[in-house]
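Each chain is listed here by its residues.
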Amino acid sequence: MTTPISTAPSTTTDTLYATANHIVEGFRFDDKVVAVFPDMIQRSVPGYSTIIAMISQLTARYAQHGTHCYDLGCSLGAASLAMQQGVGGKNCTIVGVDNSADMIKRCQQIVDASNAEKCGEKAIIQLIEGAIEEIEFKPASVIVLNFTLQFLAIEKRPALLQKIARALVPGGVLILSEKLSFNDPRHHELMIDLHHNFKRSQGYSDLEIAQKRQAIENVLIPETFQTHQSRLAHAGFSGVELWFQCFNFSSMIAFK
Ligand code: GEK
């Protein structure tokens, strides 16, 4: 039997967009978002817990002894903790990186609490407050971008992916989860509508859905699977496949 992955406790319900705002400001990962983040991501991203659980399994399969494993845009560390469970006693160092000071502060508390639990050998989780496009990578076997690349300016994406490809040791993988757009406008609209229905089923009102959509509009820039695939090939990956998709939310695996 596998131990359940300890993720951040979901204690506060996300009501950030529940009342009408005259001006909907651009979305930021500040302390208000941190307070509701586990609930927000769980009720907004279909398949989020499945992806986190699979990150543990993929890490168990691809992590190599003595290498680093990175969680880029770690937020509250759900993927870092999943990777920690996946690497077991392989003597890997897990590095979580996020440029939101509020996220890193809360993430450190969650990681410290997990480290305090005594249950066998645990890989160390180091946290870095900083921009993912600026960090220096150590040789790595598993790198995770779980719904983070979509927040990076499009022109900065190729250089980061090239750096990631260079940092990966032979046999290493990038797990890239992203919200997707689609070339066929009919399919694009269908996926958006099904996602909004999912959010309604999770208790979000039409007002909350509309205001969040406005806040995220110029902040989260989705791209097509084909764009990701060709850019990853140019960055130096030998193969890219989709391993999860629910509506416009996906996760890809890119092989070094
Ligand atoms: C999870 N991976 O729970 N540098 C560093 N961090 C960044 C940058 C950047 N340039 N841009 C955005 N972030 C997590 C979920 S959330 C996705 C990831 C979402 C950070 C940002 O501060 C936030 O914490 C995270 O990326 C994106 O598995 O909320 O939809």
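Everything in this summary refers to the structure shown in the same document. Computed from a predicted model, the values in this text were never measured in an experiment.

Scanning all chains against the criterion turns up seven salt bridges. Salt-bridge contacts for Asp-30 lead to Arg-28; the nearest nitrogen and oxygen are separated by 3.8 Å. With a relative accessible area of 15%, Asp-30 lands in the buried category. Where salt bridges share partners, they join Arg-157, Glu-223 and Arg-231 into one cluster.

Along helix α7 (residues 206-216), the positions that sit buried rather than exposed are Glu-208, Ile-209, Gln-211, Lys-212, Ala-215 and Ile-216. Elements in contact with the buried residues of α7: α1 (31-44) and α6 (185-201).

Next up on the list: the nonpolar core. Ranked by size, the top nonpolar core spans 48 residues in total, and within it Ile-55, Cys-69 and Val-142 carry the most contacts. Setting aside its immediate chain neighbours within four residues, Cys-69 contacts Ala-63, Met-83, Val-87, Cys-92, Thr-93, Ile-94, Val-95, Ser-141 and Val-142. The next biggest cluster of nonpolar side chains, apart from the first, holds 30 residues, and it includes Leu-161, Ala-167, Phe-182 and Leu-232.

Burial analysis of strand β5 (residues 168-179) places ten of its twelve residues in the buried class, which makes it a mostly covered element. In this region the chain leaves strand β4 (residues 140-146), passes through helix α5 (residues 157-167) and returns to the parallel neighbour β5; the handedness of that crossover is right-handed. Relative to strand β7 (residues 249-255), β5 runs antiparallel, the two being bridged by seven bridges. Among the inter-strand pairings, Glu-178 is bridged to a residue of β7, identified as Ser-250.

A few words on the site of the ligand. Residues in contact with the ligand amount to 21 residues; listed here are only the nearest, Tyr-48, Gly-73, Ser-75, Asp-98 and Asn-146. The backbone of Gly-73 places a nitrogen or oxygen atom 2.8 Å from a nitrogen atom of the ligand. Note that a nitrogen atom of the ligand is positioned 3.0 Å from one of the side-chain N or O atoms of Glu-133. When the ligand is considered free in solution it has 660 Å² of accessible area, and contact with the protein chains removes 93% of it.

Attention now moves to the side chain of His-196. Looking at the element boundaries, His-196 is found in helix α6. Ignoring sequence-local partners within four residues, the contact set of His-196 consists of Ile-209 and Arg-213.

In this section: the packing of α6 against α7. Where α6 meets α7, the closest approach of the two axes is 10 Å, and the angle between their N-to-C directions is 130°. Taken together, the axes of α6 and α7 are oblique relative to one another. Once α6 is placed against α7, the crossing between them reads as right-handed. Listed contacts from α7 to Ile-192, His-196, Lys-199 and Arg-200 of α6 are Asp-206, Ile-209, Lys-212 and Arg-213.

Thresholds, definitions, all that
- Residues numbered from 1 in each chain as written.
- Predicted model: local features only at pLDDT ≥ 70, side-chain atom pairs only at ≥ 80, totals over all residues.
- Heavy atoms only, no water.
- Salt bridge = Lys/Arg side-chain N within 4 Å of Asp/Glu carboxyl O.
- Buried < 20%, exposed > 50% of the residue type's maximum accessible area, 1.4 Å probe, protein only.
- Helix = DSSP H or I, 4+ residues; strand = E, 2+ residues; numbered from the N terminus.
- Contact = heavy atoms within 4.5 Å.
- Core = buried A, V, L, I, M, F, W, Y, C linked by side-chain atoms within 4.5 Å.
- Right-handed = clockwise from strand over helix to strand, strands pointing away.
- Pairing = 2+ DSSP bridges.
- Near = heavy atom within 4 Å.
- Polar contact = N/O pair within 3.5 Å; in protein donor to acceptor, adjacent residues only side chain to side chain.
- Areas by Shrake-Rupley, 256 points an atom, 1.4 Å probe, with all protein chains shown as cover.
- Axes fitted to C-alpha atoms, helices over the stretch in contact; angles between N-to-C directions.
- Parallel < 35°, antiparallel > 145°, perpendicular 65-115°, else oblique.
- Left-handed = near helix turned anticlockwise from the far one by under 90°.

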